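The chain contents come next:
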Amino acid sequence: MRRLRTPGLVVVSVAGLLLALLNVSPALAQPANDDFDSATVIPGVPFTDTASTVEATTAADDPFCGDAHSVWYSFTPTQSGSIAADTFGSDYNTALSVYTGTRGALSEVACASFPAQVSFNATANTTYFIMVTSACCGGPGGTLVFNLRGPPANDEISGATPMTLNTTVTQDTTLATTAPSDPTQCISNPTNTVWFSFTPTQNQPVTLNRSGSSYFGRVSVLTDLGSGPVVIACGSGDTARFDATAGKTYYFMDAGFSGGGQLRLTLSAGIVMTVTINQTGTANKQGTAVVAGTFNCSQAVGPPQVEQPTLQVVLRQKVSKTLVIQGSASLRIPCPTIPTDWSVTIIGDNGPFRKGQAEVFVTGNACDATGCNEVQLRQLIKLVGEK
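Treat the numbers as computed from the prediction; the structure is a model and nothing was measured. (Residues numbered from 1 in each chain as written. Predicted model: local features only at pLDDT ≥ 70, side-chain atom pairs only at ≥ 80, totals over all residues. Heavy atoms only, no water.)

Enquirer: Report on the overall build of the chain, specifying residues and quantitative values.
Expert: A count of helices and strands for the chain gives one helix and 28 strands. Taking 21 Å as the expected radius of gyration for a compact globule of 387 residues, we find that the chain reaches 36 Å, considerably beyond that expectation. For the chain, the C-alpha atoms occupy an extent of roughly 135 × 65 × 35 Å along the three principal directions. A buried classification covers 43% of the 387 residues belonging to the chain. When contacts within the chain are restricted to residue pairs at least 6 apart in sequence, those whose partners lie at least 24 apart make up 73%. Just so you have it, the chain exposes about 20200 Å², and 53% of that area is on carbon and sulfur atoms. Computed over 20 positive and 26 negative side-chain charges, the separation of the two mean positions in the chain equals 23 Å. (Helix = DSSP H or I, 4+ residues; strand = E, 2+ residues; numbered from the N terminus. Rg over C-alpha atoms; globule rule 2.2 N^0.38 Å. Buried < 20%, exposed > 50% of the residue type's maximum accessible area, 1.4 Å probe, protein only. Contact = heavy atoms within 4.5 Å. Areas by Shrake-Rupley, 256 points an atom, 1.4 Å probe, with all protein chains shown as cover. Lys, Arg positive; Asp, Glu negative; His and termini not counted. Charge placed at Lys NZ, Arg CZ, Asp CG, Glu CD.)

Enquirer: A description of the layout of surface pockets should follow, citing residues and the corresponding values.
Expert: Here the largest pocket is characterised by a volume of approximately 350 Å³. Residue lining of the largest pocket: 19 residues in total, with V45, P46, G150, P151 and P152 positioned closest to the centre. Across the lining of the largest pocket, the residue classes tally to 10 nonpolar, seven polar and two charged. (1 Å grid on protein atoms, 1.4 Å probe; cavity = no way out; pocket = protein on both sides within 12 Å on 5 of 7 lines; lining within 4 Å. Points joined across faces, edges and corners; volume = space filled by probe spheres on them. Nonpolar A, V, L, I, M, F, W, Y, C, P; charged D, E, K, R; others polar.)

Enquirer: How would you sum up the environment of A283? Please name residues and give values.
Expert: On the secondary structure map, A283 appears in strand β22 (residues 280-283). A relative accessible area of 5% places A283 in the buried class. C-alpha separation for the pair A283 and R354, spaced 71 residues apart in sequence, amounts to 5.7 Å. In this view, A283 contacts T288, A289, F353, R354, K355, L383, V384, G385 and E386; residues no more than four positions away in its chain are not counted.

Enquirer: Let's hear about the sheet that holds strand β13 (residues 167-172): which residues, and what values?
Expert: With antiparallel pairing, four strands are arranged side by side in an open sheet as β13-β20-β15-β18. Of all the strands in the sheet, just β13 and β18 (239-244) have a single pairing partner and so form its edges. Across the sheet, the mean angle separating the axes of adjacent strands is 20° when strand polarity is ignored. The pairing of strand β15 (residues 204-209) with β18 spans six bridges and is antiparallel. Bridge pairing in β18 links Q204 to A244. (Pairing = 2+ DSSP bridges. Axes fitted to C-alpha atoms, helices over the stretch in contact; angles between N-to-C directions.)

Enquirer: Explain the state of the cysteines to me, and be specific about the residues and the numbers.
Expert: Tallying each qualifying case throughout the model produces four disulfides. In this model C65 forms its disulfide with C111; the gap between the sulfur atoms is 1.9 Å. Disulfide C65-C111: torsion about the S-S bond near 95°, hence right-handed. Pair noted here: C65 is in the loop between β4 (47-52) and β5 (71-75) and C111 is in strand β8 (residues 105-113), with a separation of 46 residues, a long-range link. For C65, a relative accessible area of 3% gives the class buried. Two residues share a disulfide in this structure: C367 and C372, whose sulfurs sit 1.9 Å from each other. (Disulfide = S-S within 2.5 Å.)

Enquirer: Give me the sheet that holds strand β6 (residues 81-86): which residues, what numbers.
Expert: A sheet is described by the order of its strands in space; here four strands give the open sequence β4-β11-β6-β9, paired in antiparallel fashion. The open sheet terminates on both sides in strands that have one partner only, identified here as β4 and β9 (117-122). Neighbour to neighbour, the strand axes of the sheet diverge by 15° on average, direction disregarded. In this structure, β6 lies alongside strand β11 (residues 143-149), joined through three bridges in antiparallel fashion. Bridge assignment links A85 to a residue of β11, and that residue is L148.

Enquirer: So what about the nonpolar core? Which residues, and what values?
Expert: A general feature of soluble globular proteins is that nonpolar side chains tend to end up buried together. Formed by 27 residues in total, the largest nonpolar core has its most connected members in M273, V291, L315 and W342. If you look at the next biggest cluster of nonpolar residues, it comprises 23 residues, including F75, A85, A116 and L148. (Core = buried A, V, L, I, M, F, W, Y, C linked by side-chain atoms within 4.5 Å.)

The values reported here are purely geometric and, on their own, carry no functional implication.
What follows is the structure in structure tokens.
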């Protein structure tokens with residue numbers, strides 16, 4: 001404070017006092033969960049809490065895991081399963097420990113620091129107490145970020161995550177559990193199972209692809225055939241393929257062979273090949289026939305991703321009571337997405353074709369990166385002479 005003297009007047013400067021007041025930081029409050037008896041009750045998972053522990057104290061009967069500035073949480077799960085806790089995002093080194101029991105008679109379940117991350121198998125209706133402290137050596141507190149996670153919401157079929165076509169789901173399944181009712185037709189000892197559902201709007205083949213996941217697993221496909229969901233398809237490698245019916249709900253269970261990890265699951269429409277046969281073909285004087293039609297695929301496919309689609313064409317013609325002329329030809333060509341003409345020239349294996357009625361059998365096969373679609377067609381045609 002400074003006095004300015006003028007005749008008959010005293011002026012007091014308060015600039016220094018105001019500056020000093022502005023530099024005074026407000027006192028930090030002691031956290032509400034500073035003591036075991038006032039532990040923050042966690043209502044459910046996932047749970048995250050951010051708080052300052054600078055003014056947190058240490059009680060004389062705090063368990064030994066870490067050093068100082070302890071705060072407490074409590075959690076009572078309603079179902080058994082894996083629980084994970086960590087302090088990722090905190091701005092100081094922490095230690096984290098889990099206990100059951102009562103004050104003065106606690107039993108340690110887990111204790112960790114550098115990093116402060118633990119996981120444990122929790123029992124339903126058992127209360128777990130979680131203490132977070134600074135890691136060691138009288139270190140100060142700071143801004144704590146406390147996270148608690150449990151089994152995912154789609155851990156059971158009743159909580160299946162809906163999927164739509166041409167979407168990819170990514171999920172951490174490390175805390176997923178396995179229920180006694182989980183099917184074992186596709187994987188005998190499933191672990192870390194999670195569930196998804198899909199209701200198609202049209203009849204079509206559907207493909208599931210879990211390639212890109214960080215762990216080995218397999219997909220099971222289920223639907224209700226009248227008495228509850230049953231397995232209708234099993235994955236092969238990273239993919240599963242099935243023919244879906246419009247309006248019917250399908251359930252997908254992804255299971256690990258020996259644990260979970262980062263799951264990447266894509267649902268997409270499988271390729272569909274469409275083939276037609278022209279009503280009329282030709283037969284020349286030498287007995288060589290030409291058969292034609294159109295074909296297309298629901299998606300463009302071909303090298304280098306997969307082999308080119310194929311058409312196998314068989315022509316049969318009965319020329320007497322005992323003689324049927326037969327020949328065949330095949331095509332291997334890229335499959336377009338719009339109807340495109342195809343034709344084959346067929347020479348009889350046991351004689352010449354002639355004008356008149358004949359029967360054509362076509363087998364088409366087209367594959368995408370995850371599966372194949374086969375179409376079979378049979379049709380009577382008329383062979384006419386060349387013009």
